[in-house]
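Fold and contact review
Chain by chain, the residues:
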Amino acid sequence: MKAVPQKYKGILLIIASAFCFAFMNAFVRMAGALPATQKSFFRNLVALGIAAVMFARDAKGFKMPKGTMLPLFLRATFGTVGILCNYYAIDHLVLSDASMLNKMSPFFTIVFSWLLLKEKLRPVQGLAVLTAFAGSLLIVKPTLDFTDFKGSFAGFCGGIAAGAAYAMVRLLGQRGLNKTFIVLFFSGFSCLVTLPFLIFDFHPMTAWQLLALLGAGCAGAGGQFTITAAYCCAPAKEISVYDYSQIIFATVLGLLFFQEFPDGWSFLGYAIILLAAVGMFWYNNYYLPKKEQSPGA
């Protein structure tokens with residue numbers, strides 16, 4: 001039987017991660033009025049338990065490759081900031097808007113790969129980032145009333161932090177660090193960071209809220225494992241556009257569970273960001289290879 005190419009494995013994995021993260025966001029919203037730190041703790045606690053069991057099964061002979069400790073710490077730090085910002089946005093925005101702002105991350109992955117990993121940033125890729133930023137403004141709809149703006153701003157910052165985190169995942173994958181250990185370290189780090197907030201500002205939860213957070217944890221763990229595996233299977237430029245399938249899932253879940261429907265400006269922002277993503281995908285996978293193969297390139 002013919003083996004499935006790594007690129008197609010990456011595509012399937014990143015669509016699976018989008019599905020999982022859309023459900024995670026929906027469960028987080030269902031948990032109601034709880035602090036983002038408390039939601040983050042329980043979400044990561046579940047992922048930590050799953051990752052610990054999986055890592056224990058294949059940890060024999062595990063070694064930390066040289067030069068992975070700092071990127072691993074940065075991945076965990078940026079990832080934790082991204083989750084906290086995303087959860088705050090989920091509680092204050094239409095679900096699909098919060099998801100779309102978080103999906104600015106593939107563009108920021110390119111920017112941080114250029115800044116931190118010294119990967120080449122071509123003018124077209126820079127233009128795509130600026131185009132996506134313009135689209136995000138239609139979703140954010142900045143206003144002088146900061147009480148209305150801070151949810152959108154948090155979502156946008158979450159996208160930036162997630163982009164930096166996934167740039168570190170790419171680096172760690174290139175250096176051969178165990179994928180399960182990446183998830184294990186990140187989940188443990190996030191739990192430790194949010195634990196003091198849980199201790200000193202714990203909000204009592206109903207059985208339903210606890211169940212919703214456990215559901216968010218299971219869905220989030222699925223998303224973490226699949227997106228980590230996806231970026232280790234194939235370069236972001238080949239698969240990142242498929243991450244935007246989360247917006248479709250989020251819009252459907254928002255309609256089904258919360259009777260939410262994005263406004264016209266948000267839909268225009270979605271269209272601009274999606275066009276930028278598809279354009280960048282075409283440029284990286286079809287235009288550049290042909291140009292590099294042509295005589296005199």
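Reading the values: rules and limits
Residues numbered from 1 in each chain as written. Predicted model: local features only at pLDDT ≥ 70, side-chain atom pairs only at ≥ 80, totals over all residues. Heavy atoms only, no water. Axes fitted to C-alpha atoms, helices over the stretch in contact; angles between N-to-C directions. Helix = DSSP H or I, 4+ residues; strand = E, 2+ residues; numbered from the N terminus. Parallel < 35°, antiparallel > 145°, perpendicular 65-115°, else oblique. Left-handed = near helix turned anticlockwise from the far one by under 90°. Contact = heavy atoms within 4.5 Å. Expected span 1.5 Å × (residues − 1). Nonpolar A, V, L, I, M, F, W, Y, C, P; charged D, E, K, R; others polar. Buried < 20%, exposed > 50% of the residue type's maximum accessible area, 1.4 Å probe, protein only. 1 Å grid on protein atoms, 1.4 Å probe; cavity = no way out; pocket = protein on both sides within 12 Å on 5 of 7 lines; lining within 4 Å. Points joined across faces, edges and corners; volume = space filled by probe spheres on them. Phe/Tyr/Trp six-rings, centres within 6.5 Å; stacked < 30°, edge-to-face > 60°. Lys NZ or Arg CZ within 6 Å of the ring centre and 35° of its normal.

Look at helix H2 (residues 36-58) against helix H9 (residues 207-233): their axes get within 8 Å of each other, and the N-to-C directions meet at 50°. The angle between the axes of H2 and H9 places the two elements in the oblique class. The element H2 and its partner H9 pack so that their crossing is right-handed. Packed against H2, whose contacting residues are Gln38, Lys39, Phe42, Arg43, Val46, Ala47, Ile50, Ala51 and Met54, the element H9 presents Leu210, Leu213, Leu214, Ala216, Gly217, Cys218, Gly220, Ala221, Gln224 and Phe225 at the interface.

Further remarks concern helix H1 (residues 6-30). For H1, with 25 residues, the first-to-last C-alpha span of 36 Å sits near the 36 Å given by 1.5 Å per residue. Where H1 ends, the next residue or the one after it, Gly32, has phi of about 80°, a positive value.

Here the focus is the side chain of Gln209. Tracing the sequence through the fold places Gln209 in helix H9. When sequence neighbours within four positions are dropped, the list of residues in contact with Gln209 reads Ala31, Gly32, Ala33, Leu34 and Pro204.

Attention now moves to the packing of H1 against helix H11 (residues 245-258). H11 packs onto H1 with a crossing angle of 30° between their chain directions and a minimal axis gap of 8 Å. Classified by the interaxial angle, the pair formed by H1 and H11 is roughly parallel. The hand of the H1/H11 crossing is right-handed. On H11, the residues that touch Ile15, Ala18, Phe19, Phe21, Ala22, Phe23, Asn25, Ala26, Arg29 and Met30 of H1 are Ser245, Gln246, Phe249, Ala250, Leu253, Phe257 and Phe258. Residue composition of the contact of H1 with H11, grouped by class: 13 nonpolar, 3 polar and 1 charged.

So, about the environment of Leu171. Positionally, Leu171 belongs in helix H7 (residues 146-174). The exposure class of Leu171 is buried, given its relative accessible area of 11%.

Before going further, it helps to spend a moment on empty space enclosed by the protein. Where empty space is left in the structure can be found by rolling a water-sized probe over the atoms. Inspection of the entire model under this criterion finds 1 cavity of 30 Å³ or more. Estimates place the volume of the largest cavity at around 200 Å³. Along its surface, the largest cavity is lined by 19 residues, and Ile83, Asn102, Ala162, Tyr166 and Gln224 are the ones closest to its centre. For the lining of the largest cavity, the secondary-structure elements that each account for two or more residues are H1, helix H3 (69-92) and H7. Residues belonging to the lining of the largest cavity are distributed by class as follows: 8 nonpolar, 8 polar and 3 charged.

Position of Gly254 relative to the elements: it lies in helix H11. Ignoring anything within four residues of it in the chain, the contact list for Gly254 reads Leu95, Gln259 and Glu260.

Here we take up the packing of aromatic side chains. Tallied over the full model, the rule gives 9 aromatic pairs. Taken together, a centroid distance of 5.5 Å and an interplanar angle of 45° make the contact between Phe55 and Phe181 tilted. Taken together, the residues span a long stretch of sequence, with Phe55 in helix H2 and Phe181 in helix H8 (residues 179-200) at a distance of 126 residues. Both residues of the pair, Phe55 and Phe181, belong to the buried class. Put simply, the rings of Phe55, Phe73, Phe181, Phe185 and Phe189 pair up and form one aromatic cluster. Note that Arg75 overlies the ring of Phe186, its terminal NZ or CZ placed 4.2 Å from the centroid.

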